[in-house]
Amino acid sequence: MLNRFADSIAVVTGAGSGIGKQTAIQLAHEGARVILVGRTSSKLEKVADQINASLKEPTAEIFTADVTNEQDIEDLGRFIQQNYGELHVLVNNAGASGKSTILEMETSEWDRIQETNLKSVFLVSKILGKIMIESSEQEEEKKDLSIVNVASLSGHKAGAMIPHYSSSKAAVINFTKSLAVEFAQYGIRVNSVSPGFAETPLTEEGLKNRRFEEAIQRNTALKRVGKPEEIAHVISFAASKESSYMTGTDLLVDGGWMIT
Ligand code: NAI
């Protein structure tokens, strides 16, 4: 087992399930003290208990917050300042999707997806980014500082019935580049990871449809759906100093969907 995050403090949003859960597990197993952020404390507690039961010392902690709510994120910032005083890794993973044509979509549904997938990345990066900047100024022994935003394959192409989702994820990929330019002066790298189809609660309903699953297999070079841990490995790489010369980049982890 690698130990790339020894003594680092990390935040993972949407850590109660799927890719966020696997990312929190991997960071913790590589030495990070991980703060699991999400809206449902019971889900977060289950993941934190699983992590802490598998480590010599408990290091995972939860914080309940809605990533679209500025007050919640300000409270999270204060919690980190008071309890840790520093932050090195931020994974903006929380996200949501829905299905509709453009003509039938309610404005409230458009707003829900933009707020959850895009505004949250701005808010959390801005508020927690300030703590990361302070960490870089205070620490004598500098740790690698990194933000990873979870975008999507859909951010690279039109998505049938998910125009709000795919446009929000395209914006995350571009916002990542702006943030990388602005934060480089503080030694903070910023990258995005774009998963293809992975087996998580987000895709559970769709994957119950055999025709949908067959279409994924037909259109994916590796002929299968991904596992959340296969995405989490790439997020961990982007967050670690193994990728120390990489910033403003999007890593597509789609099993070869885009090349077929
Ligand atoms: P998931 O549904 O298991 O994870 C999303 C998490 O975000 C959930 O725990 C959910 O409760 C949390 N969340 C949603 N809105 C929130 C809010 N307002 N405040 C706090 N937490 C909130 O699904 P999955 O697949 O693990 O998704 C993780 C990320 O990966 C998302 O950004 C998603 O768009 C992205 N993604 C997933 C793909 C897949 O095939 N599973 C493909 C491409 C991207």
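Source: prediction; values computed, not measured. (Residues numbered from 1 in each chain as written. Predicted model: local features only at pLDDT ≥ 70, side-chain atom pairs only at ≥ 80, totals over all residues. Heavy atoms only, no water.)

Asker: Hey, could you run me through the environment of Thr-247 in this one?
Answerer: When you line up the elements, Thr-247 lands in the loop between α8 (228–239) and β7 (250–253). Taking the C-alpha atoms as reference points, Thr-247 and Phe-183, 64 residues apart in sequence, are found 9.9 Å from one another. With residues up to four places along the chain from it excluded, the contact list for Thr-247 reads Ala-180, Arg-189, Val-190 and Asn-191. (Helix = DSSP H or I, 4+ residues; strand = E, 2+ residues; numbered from the N terminus. Contact = heavy atoms within 4.5 Å.)

Asker: Would you explain the side chain of Ser-243 in this entry?
Answerer: On the secondary structure map, Ser-243 appears in the loop between α8 and β7. On the basis of relative accessible area, Ser-243 is assigned to the buried category, the value being 3%. A polar side-chain atom of Ser-243 sits 3.1 Å from the main-chain carbonyl oxygen of Ala-238. For Ser-243, the contacting residues outside a window of four places in its chain are Arg-189, Phe-237 and Ala-238. (Buried < 20%, exposed > 50% of the residue type's maximum accessible area, 1.4 Å probe, protein only. Polar contact = N/O pair within 3.5 Å; in protein donor to acceptor, adjacent residues only side chain to side chain.)

Asker: Even after reading the chapter, I still don't get the environment of Leu-90, so can you show me in this structure?
Answerer: As for its placement among the helices and strands, Leu-90 is situated in strand β4 (residues 89–92). Each C-alpha atom of the pair Leu-90 and Ser-125 lies 7.9 Å from the other, and the pair is 35 residues apart in sequence. When neighbours within four sequence positions are excluded, Leu-90 is seen to be in contact with Val-11, Val-124, Ser-125, Leu-128, Met-132, Ser-146, Ile-147 and Val-148.

Asker: Just checking my understanding: could you explain the pairing of strand β6 (residues 188–195) for this structure?
Answerer: Counting buried positions along β6 yields eight of eight residues, so the element is predominantly enclosed. The side-chain alternation of β6 yields two buried faces, one formed by Ile-188, Val-190, Ser-192 and Ser-194 and the other by Arg-189, Asn-191, Val-193 and Pro-195. Here six bridges tie strand β5 (residues 145–150) to β6, and the two strands are oriented parallel to one another. Bridge pairing links Asn-149 to Ser-192 in β6. Crossover handedness for the path β5 to helix α5 (residues 163–183) to β6: right-handed. In this sheet, β7 lies alongside β6 in parallel orientation, the contact comprising four bridges. (Pairing = 2+ DSSP bridges. Right-handed = clockwise from strand over helix to strand, strands pointing away.)

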